[in-house]
Amino acid sequence: MPEPVFRIAVPSPLRRLFDYLPPGAVAGGTITPGQRVRVPFGKRQVVGVLVEVVDHTDIPAERLKRATECLDREPLWSETERRLLDWAVDYYHHPPGEVYQTALPVLLRQGRVARAAGIQRYRASEAGLAQAKGEPRRAPRQAVLLDRLRSEPEGLTAGALATEFVTWRPALARLQERGWVESLEGSCLPAPQADPEGERPLLNPPQEAAIAAVADHGVGFGAFLVDGVTGSGKTEVYLGMIERVLAAGRQALVLVPEIGLTPQLIERFRRRFPVPIAVLHSGLSDGERLCAWLAARDGSAPVVIGTRSAVFTPMADLGIIVVDEEHDPSFKQQDGFRYSGRDVAVMRARLSDVPVVLGSATPSVETLHNAQLGRYRPLVLPERAGTALHPDLHLIDIRHNPLTDGLSEPLLKAAERHIAAGGQVLIFLNRRGYSPTLFCRGCRWQSSCERCDARMVYYAGARRLRCHHCGADRRLPTECPECASADLAPVGQGTERVEESLRGRFPEVGLVRIDRDSTRRKGAMGDLLDEVRGGRARILVGTQMLAKGHHFPEVTLVGIVGADQGLFSADFRAAERMAQLIIQVAGRAGRAERLGEVLIQTEFPEHPLLSGLVEHDYGHLARGLLDERRETGWPPFSHLALLRAEAVDRDAPLAFLEEARRLAVGYGLPGVEIWDPVPAPMEKRAGRVRAQLLLQSDQRSTLHRLLAGWTPQLEGLKTGRRVRWSLDVDPGEMF
Ligand code: ADP
Ligand code: ZN
Ligand code: ZN
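The rules behind the values
Residues numbered from 1 in each chain as written. Chains lettered and ligands numbered in written order. Predicted model: local features only at pLDDT ≥ 70, side-chain atom pairs only at ≥ 80, totals over all residues. Heavy atoms only, no water. Helix = DSSP H or I, 4+ residues; strand = E, 2+ residues; numbered from the N terminus. Donors = N, O, S within 2.8 Å, 3.2 Å for Na, K, Ca; no water. Tetrahedral: all angles 85-135°; square planar, octahedral: opposite > 155°, others 65-115°. Buried < 20%, exposed > 50% of the residue type's maximum accessible area, 1.4 Å probe, protein only. Axes fitted to C-alpha atoms, helices over the stretch in contact; angles between N-to-C directions. Parallel < 35°, antiparallel > 145°, perpendicular 65-115°, else oblique. Contact = heavy atoms within 4.5 Å. Nonpolar A, V, L, I, M, F, W, Y, C, P; charged D, E, K, R; others polar. 1 Å grid on protein atoms, 1.4 Å probe; cavity = no way out; pocket = protein on both sides within 12 Å on 5 of 7 lines; lining within 4 Å. Points joined across faces, edges and corners; volume = space filled by probe spheres on them. Phe/Tyr/Trp six-rings, centres within 6.5 Å; stacked < 30°, edge-to-face > 60°. Lys NZ or Arg CZ within 6 Å of the ring centre and 35° of its normal. Near = heavy atom within 4 Å. Polar contact = N/O pair within 3.5 Å; in protein donor to acceptor, adjacent residues only side chain to side chain. Areas by Shrake-Rupley, 256 points an atom, 1.4 Å probe, with all protein chains shown as cover.

## What to know about the environment of L546
Working step 1: As for its placement among the helices and strands, L546 is situated in the loop between β26 (539–542) and β27 (555–561).
Working step 2: Through-space distance from the C-alpha of L546 to that of L426 is 8.8 Å; in sequence the pair is 120 residues apart.

Printed below as a string of structure tokens:
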């Protein structure tokens with residue numbers, strides 16, 4: 001009998017599996033799909049995943065190589081989970097090796113055993129606990145560290161210490177030598193700390209109804225949309241739904257946007273559930289990530305909370321999936337394997353035959369459409385939980401109100417009033433830096449990036465020019481590079497400039513700026529939030545980092561500055577995104593018993609999007625946007641795939657896309673519209689020229705039939721070797 005053939009997903013950019021003979025040491029029958037196998041690939045040994053065992057290969061015997069070794073005793077994923085991965089390979093037309101890599105923690109990609117090396121925790125020993133405070137006197141670093149460890153009976157991991165201390169390893173080593181600190185191996189999951197007596201709010205009837213709807217649905221696939229404004233108690237509803245799933249002995253998977261995975265959210269889950277909770281986010285060390293992944297897989301973590309990629313985490317007994325802030329663009333991966341974490345979650349629920357709950361204050365137009373079609377059952381939470389009222393939205397017409405550094409007098413007056421009344425003020429501006437560009441009054445030179453079709457942003461504090469697209473970072477010129485004039489002026493405003501201006505206007509009032517620049521240092525975000533919560537800061541200036549996850553109960557005024565950018569964009573999703581952002585930011589105001597006021601500065605007060613926001617609620621507006629999509633034929637009324645190409649060589653991307661287009665046209669599939677290749681909206685980025693080709697169809701299945709044949713063919717195109725290309729199915733952004 002001939003030996004079986006292993007079809008393996010090998011890390012490679014090719015859209016195919018690779019055939020191997022089973023490793024010598026094992027009989028083929030004991031290895032099943034879902035196990036990792038080490039195989040020779042080119043000149044290297046790589047880790048792949050066995051996808052299929054077949055009895056035939058087209059590879060001639062003399063070229064068929066033997067796998068080196070099997071790395072797992074059992075499959076890493078259940079059969080259902082493997083079906084999900086295979087579905088993702090097919091649906092996104094992405095190389096299987098890269099899809100499987102995405103689904104594996106780094107250490108498993110590298111071939112480590114799939115066992116959690118216990119994570120080291122450090123805690124004060126008996127002797128350490130017996131020391132007087134401030135010991136050892138001569139070594140303040142050790143003293144501070146010991147003091148911190150004494151306050152944690154469970155001890156702290158290296159990862160936790162690294163977030164709190166800059167240099168701590170030498171001090172820790174000395175404390176261990178003294179015998180004052182001991183290390184113990186433990187689970188990466190902190191011990192459960194729920195308080196069974198803990199207070200929980202009495203649910204209001206819509207919350208009760210939402211939880212009951214999912215409970216009554218019972219087991220089996222079902223999709224639900226929890227639609228409620230910020231503060232309407234959605235999280236409380238998820239907790240209630242999950243509680244029932246846990247009581248039935250099953251697991252819950254909760255997906256949140258990167259920025260929404262805040263300590264407060266995790267804390268709420270920890271306080272509620274007396275079980276270990278695995279948290280998967282980008283800040284974990286490789287060891288911690290593996291440990292959390294394995295805890296999800298073997299069921300020792302009944303609750304798993306994570307960002308986008310957590311959707312592929314194996315789980316022993318999945319009972320429900322929750323996707324919070326389902327509209328958030330960060331669920332869509334923007335490079336490499338461009339999957340949508342939300343859409344994969346819905347497919348996972350379908351394959352696993354469990355309910356999936358999407359939640360948002362501003363559901364995406366796609367999701368609303370699914371709700372209208374009856375595919376998703378809407379569960380509406382109409383009011384704010386507790387007693388807070390809806391914020392009041394108003395427009396400030398900046399055509400009739402001169403601006404100082406981007407701020408109008410009515411907005412500044414309102415800020416004054418709210419601060420005097422003891423409230424906090426939030427100014428939202430989605431632009432970092434001091435000004436988006438620097439301008440020479442002598443010759444009209446502008447600070448353009450040499451490698452991108454973009455301006456370099458002026459940072460006044462750091463005295464630098466930075467490009468947000470390629471990372472270029474230059475010292476501020478003291479004179480114009482073109483005409484040597486010293487008359488250089490910042491044009492427009494970013495958060496830094498608004499901060500400076502507000503400090504000038506309100507010198508006595510504490511202010512914090514929250515954006516990617518001010519929160520780069522580890523722990524900085526926490527410190528800034530403490531300033532706000534402690535009431536020392538009364539003014540917050542920030543970007544969309546403020547729009548998600550964090551609650552600012554004392555904020556009574558929200559000012560939205562520079563929102564007009566979204567009104568006239570070429571991207572068909574721009575209006576939706578802008579409305580969501582405004583509503584999300586507005587949702588930070590008047591959280592507690594205070595009435596919030598929201599002021600939006602605009603040059604276009606008659607624009608239907610803005611007047612719609614002021615006069616109606618988001619749902620009304622979103623239904624209007626959906627009607628518009630129906631008329632224009634954009635998603636969800638059609639389906640898109642975008643082929644992108646980029647190269648240093650100016651002509652290469654369009655040459656490749658032109659050839660790709662001819663191939664696609666050759667399929668002659670009616671119902672698929674094949675657009676002409678065009679330069680990307682930002683044609684040059686990081687020194688590369690970019691172009692794109694759009695395919696559009698009313699029928700998802702027709703489009704995918706084309707993609708299935710076409711994408712592998714693209715791999716063979718000669719013009720394709722001169723570019724970097726990628727396929728984006730259901731693109732979130734059109735550039
Ligand atoms: P969302 O997730 O929709 O923003 P949350 O679940 O976070 O809303 O609820 C907002 C606030 O209201 C939280 O502080 C929460 O504890 C509280 N809350 C939620 N439901 C109720 C309720 N039924 N009664 C009183 N307070 C509630
Ligand atoms: Zn000049
Ligand atoms: Zn650049």
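## As for the coordination of the zinc ion (ligand 2)
Reference geometry at the metal: tetrahedral coordination by four donors gives ideal angles of 109.5 degrees; octahedral coordination by six donors gives 90 or 180 degrees.
Working step 1: Listed as protein donors to the zinc ion (ligand 2) are C440 (SG), C443 (SG), C480 (SG) and C483 (SG); their distances from the metal cover 2.2 to 2.4 Å.
Working step 2: Motif for the zinc ion (ligand 2), donor spacing along one chain: C-x2-C-x36-C-x2-C. In this pair, C440 is assigned in strand β20 (residues 437–440) and C483 in the loop between β23 (473–475) and β24 (488–491), connecting sequence segments 43 residues apart.

## So, the coordination of the zinc ion (ligand 3)
Working step 1: At the metal site, the zinc ion (ligand 3) is ligated by C449 (SG), C452 (SG), C467 (SG) and C470 (SG), and these contacts range over 2.3 to 2.4 Å.
Working step 2: Viewed at the metal, the four donor atoms of the zinc ion (ligand 3) are separated by angles of 104 to 113°, and the geometry they form is tetrahedral.
Working step 3: Taken in chain order, the donor set of the zinc ion (ligand 3) reads C-x2-C-x14-C-x2-C. Taken together, the positions of C449 in the loop between β20 and β21 (457–459) and C467 in the loop between β22 (464–466) and β23 put the pair 18 residues apart, joining distant regions of the chain.
Working step 4: The exposure class of C467 is buried, given its relative accessible area of 3%.

## Some words on the packing of helix α5 (residues 140–150) against helix α7 (residues 169–178)
When two helices pack together, their arrangement is given by the angle between the helix axes and by the axis-to-axis distance.
Working step 1: Following both chains from N to C, one finds α5 and α7 inclined at 75°, their axes separated by 9 Å at the closest point. Relative to α7, α5 is oriented roughly perpendicular. Across the interface between the two elements, R141, Q142, L145, L146 and L149 from α5 touch A171, L172, R174, L175 and R178 from α7.
Working step 2: Of the residues contributing to the contact of α5 with α7, the split by class is six nonpolar, one polar and three charged.

## A closer look at empty space enclosed by the protein
Working step 1: Applying the stated criterion across every chain, the model contains one cavity of 30 Å³ or more.
Working step 2: A volume near 30 Å³ is recorded for the largest cavity.
Working step 3: Lining the largest cavity, in full, are Y92, H94, G336, F337, R338 and L727.
Working step 4: For the lining of the largest cavity, the per-class residue count stands at three nonpolar, two polar and one charged.

## Side note on the side chain of D517
Working step 1: Checked against the element boundaries, D517 lands in the loop between β25 (511–514) and α16 (524–533).
Working step 2: Setting aside its immediate chain neighbours within four residues, D517 contacts R432, G433 and Y459.

## A short note on the packing of aromatic side chains
Working step 1: Under the counting rule described, the total for this entry stands at 16 aromatic pairs.
Working step 2: Residues Y91 and Y92 carry aromatic rings whose centres are separated by 4.9 Å and whose planes lie at 85° to one another, so their mutual orientation is edge-to-face. In terms of burial, Y91 and Y92 fall into one category: buried.
Working step 3: Feature note: the residues W87, Y91, Y92, F312, F337 and Y339 constitute an aromatic cluster, connected by ring pairs.
Working step 4: Positioned above the aromatic ring of Y459 is the side chain of R466, whose terminal nitrogen or guanidinium carbon lies 4.6 Å from the ring centre.

## Details of the site of ligand 1
Working step 1: In the vicinity of ligand 1 lie 17 residues, with L202, Q207, K234, T235 and R268 positioned nearest.
Working step 2: At 2.8 Å, a side-chain N or O of Q207 approaches a nitrogen atom of ligand 1.
Working step 3: Against a free-state accessible area of 560 Å², the protein chains account for coverage of 75% of ligand 1.

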